[in-house]
Amino acid sequence: MSSRSDHALGSGAERMLLAIPLVALAAAAAWGRPATRELHAATVATAADTAASDLGVLQWAISARPGERLLRVCADPNNMPFSNRAGEGFENKLAELVAGEMHADLQYTWWAQRRGFIRNTLKAESCDVVMGAPTSFELVAATRPYYRSTYVFVTRADAPFRIGSFDDPVLKRLRIGVQIIGDDYANTPPAHALSNRGMTGNVRGYTVYGDYSEPNPPARIIDAVAKGDIDVAVVWGPLGGWFAQHEPVKLRVVPVSPQIELPYLPFVFDISMGVRRQDLALRDTLDAILARRRAGVDSILKEYGVPRVERPAVPNVR
Amino acid sequence: MLASPKLLCGTFSAPARTSRCARLLALAAVIATAGCLKEKSDDKPVTAAVSSAASSATGLPTIAAAATTADDGQWLMPQKDYANSRYSSLAQITPDNAKNLKLAFTFSTGVLRGHEAPPLVVGSTMYIVTPFPNYLYALDLTKPGAPMKWRYDPRADMSSQGVACCDVVNRGAVYFDNKIIYNTLDGHTVAVDANDGHEVWNTKVGNINLGESMTMAPLVAKGKVFVGNSGGEFGVRGWLTALDAGSGKIAWRAYSTGPDTDVLIGSRFKPFYAQDQGKDLGVKSWPGDAWRTGGGTVWGWLAYDPELDLLYYGTGNPGPWNPEQRPGDNKFSSGIFARDPDDGQAVWYYQWSFHDMFDYDGINEQTLLDMQMGGKTRKVLVRAERNGYVYVMDRTSGEVLSATPFGFVNTSTGVDLKTGRLMYAMDKAPQMGKVVRDVCPSSPGMKDWQPSAYSPRTGLLYLPHQNLCMDHEAVEASYIAGTPYVGMISKFFAGPGGKRGVYQAWDVVNRKEKWSIQEEFPVWSGTLATAGDVVFYGTMDGWFKAVDARNGTVLWSFKTGSGIIGQPITYRGPDGKQYVAIESGVGGWSGAIVAGNIDPRDSTAALGFVNAMKDLPKASTKGGMLYVFTL
């Protein structure tokens with residue numbers, strides 16, 4: 001599929017070698033590829049040569065009206081710690097960082113990040129970038145991952161048990177909360193891990209959709225741990241990490257193990273920024289900024305308590 | 001592709017199998033013909049015959065007398081009558097003159113999403129309810145071109161678009177006591193004065209912030225309005241709610257899961273089969289408190305038998321857990337209730353698909369018929385179900401009298417009439433991390449919400465449906481509300497024969513297909529039967545068709561502007577002539593690729609339906625338009 005090959009061209013560590021984009025540039029010219037592809041290659045080459053240069057200029061030549069500098073971000077207005085309308089989430093901070101690097105104004109398109117989110121925002125072209133998406137998410141062209149996190153066990157810090165593995169026998173005696181999605185019978189990886197181990201009766205589901213009239217609807221599961229409704233929640237790292245800092249009682253956050261369960265149930269995911277599949281020039285601009293501002297990105301993630309598994313396995317462009 | 005002759009012929013009922021095999025052989029000559037032919041001769045029907053219905057029948061089944069009305073040429077509820085016959089006694093349009101049908105007038109609704117509703121005709125006014133934002137239009141049939149009298153806007157919550165599953169459809173309004181009553185996507189039931197369009201009452205019955213939307217057409221009986229919710233995908237707990245038709249006040253609510261007190265199960269509850277008997281099954285057939293978010297939403301069709309004083313309706317699939325995480329039957333999802341309309345008390349229940357694993361919502365229409373069986377008249381309901389079987393049930397008791405496949409089914413091998421249990425084929429069960437291929441029928445089932453019609457003149461049930469199978473597999477990563485996960489993805493594709501849609505005339509007594517028309521796209525429209533022996537339906541590529549009710553000959557067709565997923569009706573105009581009306585406007589689950597501007601490369605979008613509909617954008621664009629025809 002064309003989208004797949006575009007993606008393959010644009011991802012992977014090899015792309016970081018200066019030679020590859022230059023070859024691509026030459027090939028694009030020779031084969032008469034579309035202008036965006038040439039610009040994409042040219043952008044990367046420029047980035048490698050002059051890392052501190054203003055990459056935004058090239059980008060705006062192809063995706064915005066002349067003279068206008070706008071970073072249009074698609075985001076959920078009510079989903080801390082990721083984003084909210086008040087700009088308090090770490091994805092808000094990352095958007096500000098990127099906009100600053102581009103010398104662009106920041107503009108949001110708000111939409112609940114549910115089924116149809118990409119279709120109604122990014123694909124409807126009302127905005128150009130989502131600040132967080134799994135690197136292997138099919139619906140977008142993803143940047144190189146800028147963090148890797150993991151599902152975590154969240155318990156009260158004063159709990160008499162410390163759980164780090166789905167195979168811990170104590171789990172069978174606990175009330176376990178997981179988030180449910182209900183996407184054609186798929187749910188969060190912990191939900192499947194527990195059913196794989198025969199744990200069903202002691203598992204309580206919290207819909208990730210929650211009640212949208214409340215603040216940060218996916219966070220109810222963390223509230224439930226704090227209130228003692230459940231003994232342990234198994235949630236995606238950033239959610240656990242942030243609310244562990246903000247609940248009235250102290251919570252403990254421990255990464256799950258294993259990291260992947262066979263045949264195919266990962267608990268660790270790489271997260272990227274995402275753009276429309278064809279907007280590879282913007283994608284590369286973002287990649288260059290993420291590489292150049294690695295320290296700033298890490299600092300934001302740390303501030304929000306995002307549990308990190310390890311640094312993304314991609315070398316710094318510099 | 002389906003490649004095994006056993007797979008193709010193994011479980012299909014004998015009468016229909018022959019033609020299926022013939023079609024398939026034409027398609028793929030490499031398939032071992034001997035396999036098909038041999039199996040045909042020695043294969044036993046999967047469901048036992050009941051009594052000797054076919055041979056001893058003295059007449060064709062009739063529409064339950066108490067549940068139908070003398071046809072006065074109006075169309076007051078989507079089902080036409082309480083029996084869900086969608087049959088009109090108007091007979092000016094016949095197989096001889098149908099070719100002379102001409103466009104009488106049109107009306108643009110100004111809305112572009114999927115138009116699944118039928119118009120209503122009350123006296124000399126036509127009413128149209130649109131998809132979200134759920135406008136109600138009144139058209140004056142006494143004047144040339146049927147000009148608009150007024151438009152009512154319920155001012156539905158815009159955010160409901162983001163949380164409604166599938167498409168923002170509405171399946172119709174109902175007329176009662178000088179009011180037009182319908183549901184809005186954001187969870188309100190509204191009653192509008194039929195004369196001047198002012199709002200009489202507006203009751204919030206669902207919570208859109210929980211993902212609870214409303215798309216179904218209400219039914220009104222004994223002064224109560226019965227409505228149900230949608231949104232099982234979001235962890236919504238299903239219910240049927242009764243409102244006072246005069247005031248809009250909620251009279252009772254019966255949940256589809258939970259303790260008997262919530263489900264309104266008491267001393268009158270007498271399910272026929274052991275599988276449905278017991279205390280608090282709505283809790284006990286789930287692990288932990290999974291019932292609290294267990295689905296079983298009520299977004300389909302209701303029927304009512306005034307003589308038995310029983311209300312009938314189906315419940316949606318269980319959710320939103322993956323099947324492995326909800327061991328048990330998951331009562332009372334994917335089944336049918338019979339209730340007392342006055343207090344909501346359950347009288348019986350039967351579960352079509354226990355512990356559903358395939359998204360087989362149980363919400364389709366049930367047609368109430370009186371039928372000669374074994375020398376006596378049985379009060380039955382006939383139901384073409386998602387799981388692929390036409391059920392004939394005793395509607396007084398909930399006993400299944402027969403269950404016969406009406407297309408190719410391999411997710412189950414039949415229905416055990418002794419226990420009432422669907423006999424699943426476990427090799428087709430979806431499982432995380434496992435690729436399961438050629439699952440038939442696919443999630444929309446053999447037939448989805450699109451309602452059938454019954455003609456007492458032919459004894460045939462006219463079934464618009466689909467012929468789709470699916471593959472299940474995992475995708476690398478999906479993302480919802482900041483949470484990554486491995487998605488289970490279905491991709492739908494045409495079933496045996498290669499055509500995705502079927503318009504089928506089903507012989508109710510002999511439990512077999514009388515004739516059928518194959519369509520390129522799923523037949524997602526409703527249908528209409530008339531005493532002129534002409535039946536009507538529409539296709540997703542926009543053709544509205546008049547068909548000879550007896551032999552399936554297409555008598556006339558008209559290409560509308562957009563694909564048709566609406567419900568045709570007929571009425572007698574102020575000039576005494578018979579008119580036929582249909583709304584065109586593609587969308588819904590099947591048409592989401594057009595109505596939602598979905599990229600055809602996203603083969604797993606719309607829960608897998610897009611894969612089967614990649615060519616729809618070339619065949620139909622968006623656009624809501626009413627078309628009315630007459631001779």
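Cut-offs used in this document
Residues numbered from 1 in each chain as written. Chains lettered and ligands numbered in written order. Predicted model: local features only at pLDDT ≥ 70, side-chain atom pairs only at ≥ 80, totals over all residues. Helix = DSSP H or I, 4+ residues; strand = E, 2+ residues; numbered from the N terminus. Buried ≥ 20, exposed ≤ 12 C-beta atoms within 10 Å, placed from the backbone. Contact = placed C-beta atoms within 7 Å. Pairing = 2+ DSSP bridges. Axes fitted to C-alpha atoms, helices over the stretch in contact; angles between N-to-C directions. pLDDT = per-residue confidence, 0-100. Nonpolar A, V, L, I, M, F, W, Y, C, P; charged D, E, K, R; others polar. Domains from an automatic or database assignment. Core = buried A, V, L, I, M, F, W, Y, C linked by C-beta atoms within 7 Å. Parallel < 35°, antiparallel > 145°, perpendicular 65-115°, else oblique. Left-handed = near helix turned anticlockwise from the far one by under 90°.

Participant: Would you take a moment to explain the overall build of chain B for this structure?
Facilitator: The number of helices and strands found in chain B is ten helices and 41 strands. Here chain B holds 631 residues, and the buried ones make up 64% of them. Put simply, 63% of the contacts in chain B that link residues at least 6 apart link residues at least 24 apart.

Participant: Just to check I follow, could you spell out the overall build of chain A for this structure?
Facilitator: A tally of helices and strands in chain A yields eleven helices and 14 strands. Taking all 318 residues of chain A together, 52% fall into the buried category. Relative to all contacts within chain A whose residues are 6 or more apart in sequence, the contacts with residues 24 or more apart total 73%.

Participant: Looking at this model, I keep getting lost on the sheet that holds strand β41 (residues 625-630) of chain B. Mind explaining?
Facilitator: Pairing between sheet strands relies on hydrogen bonds along the backbone, with the strands arranged either parallel or antiparallel. Residues and elements named next belong to chain B. One open sheet holds the four strands; their spatial order is β3-β41-β40-β39, and the pairing between them is antiparallel. The open sheet has two free edges, formed respectively by β3 (102-108) and β39 (569-572), since each of these has just one partner strand. Strand-to-strand twist of the sheet, defined as the mean angle between neighbouring strand axes without regard to direction, takes the value 25°. As paired strands, β3 and β41 are joined by six bridges and run antiparallel to one another. Within β41, the position partnered with Ser108 by the bridge is Met625.

Participant: When you look at the pairing of strand β29 (residues 468-474) of chain B in this model, what are you seeing that I'm missing?
Facilitator: Sheet faces and side chains relate simply in a regular strand, where the side chains alternate between the two faces. Residue and element names in this part refer to chain B. Judged by how many residues are buried, β29 sits mostly within the fold: five of seven residues are covered. Direction of pairing for strand β26 (residues 436-439) relative to β29: antiparallel, over a ladder of two bridges. Bridged to Val439 within β29 is Met470. Pairing between β29 and strand β32 (residues 488-494): seven bridges, direction antiparallel. Considered in β32, the bridge of Cys469 is made with Phe493.

Participant: Please explain the confidence of the model for chain B as it appears in this structure.
Facilitator: Interpretation of this model should avoid reading the predicted coordinates in detail wherever pLDDT is low. Looking at chain B as a whole, the pLDDT averages 89, with 89% of positions reaching at least 70. Here the prediction assigns the complex a pTM of 0.85, and the interface score ipTM is 0.81.

Participant: I keep staring at the sheet that holds strand β16 (residues 302-305) of chain B and nothing clicks. Help me out?
Facilitator: Residues and elements named next belong to chain B. Strand order in this open sheet of four strands is β16-β17-β18-β19, and the pairing throughout is antiparallel. One side of each edge strand has no neighbouring strand; the edge strands of this open sheet are β16 and β19 (346-351). Across this sheet, the average inter-strand angle for adjacent strands is 15°, counted without regard to direction. Examined bridge by bridge, strand β17 (residues 310-314) and strand β18 (residues 335-339) share four bridges and lie antiparallel to one another. Considered in β18, the bridge of Tyr312 is made with Ala338.

Participant: Explain the interface of chain B and chain A here, please?
Facilitator: When the parts of a complex come together, some accessible area is lost, and that lost area is often taken as the interface size. Counting residues at the interface gives 48 residues for chain B, matched by 54 residues for chain A. Breaking the side of chain B that touches chain A down by element, the ones donating at least two residues are α5 (160-163), β30 (478-480), β31 (483-485) and β32 of chain B. Of the residues belonging to the side of chain B that touches chain A, the class tally is 24 nonpolar, 16 polar and eight charged.

Participant: Sorry, what's going on with the domain arrangement of chain A here?
Facilitator: By domain assignment, chain A separates into domain 1 (2-147 + 271-303) and domain 2 (149-266). Class assignment for the residues of the side of domain 1 of chain A that touches domain 2 of chain A results in six nonpolar, two polar and one charged.

Participant: Got a minute to help me understand the environment of Pro215 of chain A in this structure?
Facilitator: On the secondary structure map, Pro215 of chain A appears in the loop between β9 (203-207) and α8 (220-227). When the C-alpha atoms of Pro215 of chain A and Met80 of chain A are compared, they prove to be 8.2 Å apart, with 135 residues separating the residues in sequence.

Participant: So what exactly am I meant to see when it comes to the nonpolar core here?
Facilitator: A general tendency of soluble globular proteins is for nonpolar side chains to be buried together. Among the nonpolar cores identified, the biggest contains 173 residues, and Ala173 and Val535 of chain B are the most heavily contacted of them. The residues touching Val535 of chain B, leaving out its near neighbours within four places in the chain, are Ala453, Tyr462, Thr527, Leu528, Ala529, Val547 and Ala549 of chain B. Membership of the second largest hydrophobic core comes to 103 residues, among which are Val232 and Val256 of chain A together with Leu210 and Tyr485 of chain B.

Participant: Whenever I open this one, the packing of helix α5 (residues 90-102) of chain A against helix α11 (residues 294-303) of chain A confuses me. Can you help?
Facilitator: Axis angle and axis distance: for two packed helices, these are the angle between their axes and the distance between the axes, and together they describe the pair. All names here are of chain A. The contact between α5 and α11 brings their axes to 10 Å, and the two run at 160°. It follows that α5 is roughly antiparallel to α11 by the angle criterion. Seen from above, α5 lies across α11 with right-handed handedness. The segment α5 lies against α11, with Phe90, Lys93, Leu94 and Leu97 engaging Gly296, Val297, Ile300 and Leu301. A class-by-class count of the residues in the contact of α5 with α11 yields six nonpolar, one polar and one charged.

Participant: Mind showing me how you'd approach the environment of Lys512 of chain B here?
Facilitator: Inspection of the secondary structure assignment puts Lys512 of chain B in strand β34 (residues 512-519). When the C-alpha positions of Lys512 of chain B and Pro131 of chain B are compared, they lie 36 Å apart, and in sequence the two are 381 residues distant.

Participant: Help me out: how do you make sense of the pairing of strand β9 (residues 179-183) of chain B in this one?
Facilitator: Residues and elements named next belong to chain B. In terms of burial, β9 is a largely internal element, five of the five residues being buried. Burial of β9 is two-sided: the residues Lys179, Ile181 and Asn183 facing one way and the residues Ile180 and Tyr182 facing the other way are all buried. Taken together, the three bridges between strand β8 (residues 174-176) and β9 define a ladder with antiparallel strand orientation. Bridging from a neighbouring strand, Val174 pairs with Ile181 of β9. Taking the residues between adjacent antiparallel strands as the criterion, β8 and β9 are bridged by two residues, where Asp177 takes a positive phi near 50°. The sheet contact formed by β9 and strand β10 (residues 188-193) spans five bridges and is antiparallel. When the sheet's bridge partners are listed, Ile181 is paired in β10 with Ala191.

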